[in-house]
Amino acid sequence: MNIFDRGRDHAIAVFRVVVGVLFMCHGAQKLFGVLGSKGAVSITDWPSGPAGLIEFVGGAMIVIGLGTRIAALISSGAMAYAYFVVHQHAGLLPIQNKGELAAVYAWVFLLLAFTGPGAWAVDKVIAARKQEQALVSA
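Just so we're clear, the structure is a prediction, and the values are computed from it rather than from any experiment.

1. Looking at the overall build of the protein
1) Next: The secondary structure content of the protein amounts to seven helices and zero strands.
2) Next: The linear arrangement of helices and strands in the protein, starting from the amino end, is α-α-α-α-α-α-α.
3) Next: Seen along its three principal axes, the alpha-carbon backbone of the protein occupies a region of about 55 × 35 × 25 Å.
4) Next: Here the protein holds 138 residues, and 32% of them are scored as buried.
5) Next: Taking the contacts inside the protein whose residues are at least 6 apart along the sequence as the reference set, 62% of them involve residues at least 24 apart.
6) Next: Carbon and sulfur atoms form 71% of the exposed surface of the protein, whose accessible area is close to 8,600 Å².
7) Next: Separation between the mean location of the 10 positive side-chain charges and that of the 7 negative ones in the protein comes to 1 Å.

The following block contains the structure:
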């Protein structure tokens, strides 16, 4: 086992936390009108409101590692939707249609859905407790 394999879970955790915080910032911009936003949107404004909710809540869940795979899968789908519905009409390639960030987030979250949360995640604590209870019950 080399150094990269030993640090895998910790690297995934740092990656998850950083990406989750950045994603939450996009949601905060939309929902609360902060961080350089032109103003808040209602969660009922389509598609910005639901997107902001997914970005903020999904990002928070990803940061703490709670329901990471589901939150990442939903976030990936939201970003794929953003790319194909909001951006792609302006050009085929992400560089042409300003959809690079939506495309990258879609792939990043799909990766997290498959890799899981890494270390330092609430999901890991819950799984450990369930395993502990199963051993006590057996």
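2. A few points about the UniProt feature "transmembrane region" (unreviewed entry) in the protein
1) Next: As annotated by UniProt and renumbered to match this structure, "transmembrane region" (unreviewed entry) occupies residues 12-35, 56-84 and 104-122.
2) Next: The span residues 12-35 carries 88% helix and 0% strand; its end-to-end C-alpha distance comes to 27 Å.
3) Next: Between the end C-alpha atoms of residues 104-122 the distance is 25 Å, and the span holds 68% helix and 0% strand.

3. Side note on the pattern of salt bridges
1) Next: Following the criterion strictly, the structure yields three salt bridges and no others.
2) Next: Arginine 8 is paired through a salt bridge with aspartate 9; the nearest N and O atoms lie 3.6 Å apart.
3) Next: Arginine 8 sits in the partly exposed class, given a relative accessible area of 41%.
4) Next: Overall, aspartate 9 belongs to the partly exposed group, its relative accessible area being 32%.
5) Next: Close ionic contact of aspartate 9 with lysine 124 constitutes a salt bridge, the shortest N to O distance being 4.0 Å. Residue aspartate 9 is found in helix α2 (residues 8-32), and its partner lysine 124 is found in helix α7 (residues 122-137); the two are separated by 115 residues along the sequence.
6) Next: On the accessibility criterion, lysine 124 (40% relative accessible area) is partly exposed.
7) Next: A network of salt bridges, in which partner residues are shared, links Arg8, Asp9 and Lys124.

4. A word on the packing of aromatic side chains
What describes a pair of aromatic rings is the distance from one ring centre to the other and the angle between the planes of the rings.
1) Next: Within this structure, the stated rule accounts for six aromatic pairs.
2) Next: Each ring, one from tyrosine 83 and one from phenylalanine 84, has its centre 5.1 Å from the other, and the planes form 80°; the classification is edge-to-face.
3) Next: Relative accessible area serves as the criterion here: at 8%, tyrosine 83 is assigned to the buried category.
4) Next: The class of phenylalanine 84 is exposed, set by a relative accessible area of 53%.

Definitions and limits used
Residues numbered from 1 in each chain as written. Predicted model: local features only at pLDDT ≥ 70, side-chain atom pairs only at ≥ 80, totals over all residues. Heavy atoms only, no water. Helix = DSSP H or I, 4+ residues; strand = E, 2+ residues; numbered from the N terminus. Buried < 20%, exposed > 50% of the residue type's maximum accessible area, 1.4 Å probe, protein only. Contact = heavy atoms within 4.5 Å. Areas by Shrake-Rupley, 256 points an atom, 1.4 Å probe, with all protein chains shown as cover. Lys, Arg positive; Asp, Glu negative; His and termini not counted. Charge placed at Lys NZ, Arg CZ, Asp CG, Glu CD. UniProt positions renumbered as here; feature names shortened; annotations may be inferred. Salt bridge = Lys/Arg side-chain N within 4 Å of Asp/Glu carboxyl O. Phe/Tyr/Trp six-rings, centres within 6.5 Å; stacked < 30°, edge-to-face > 60°.

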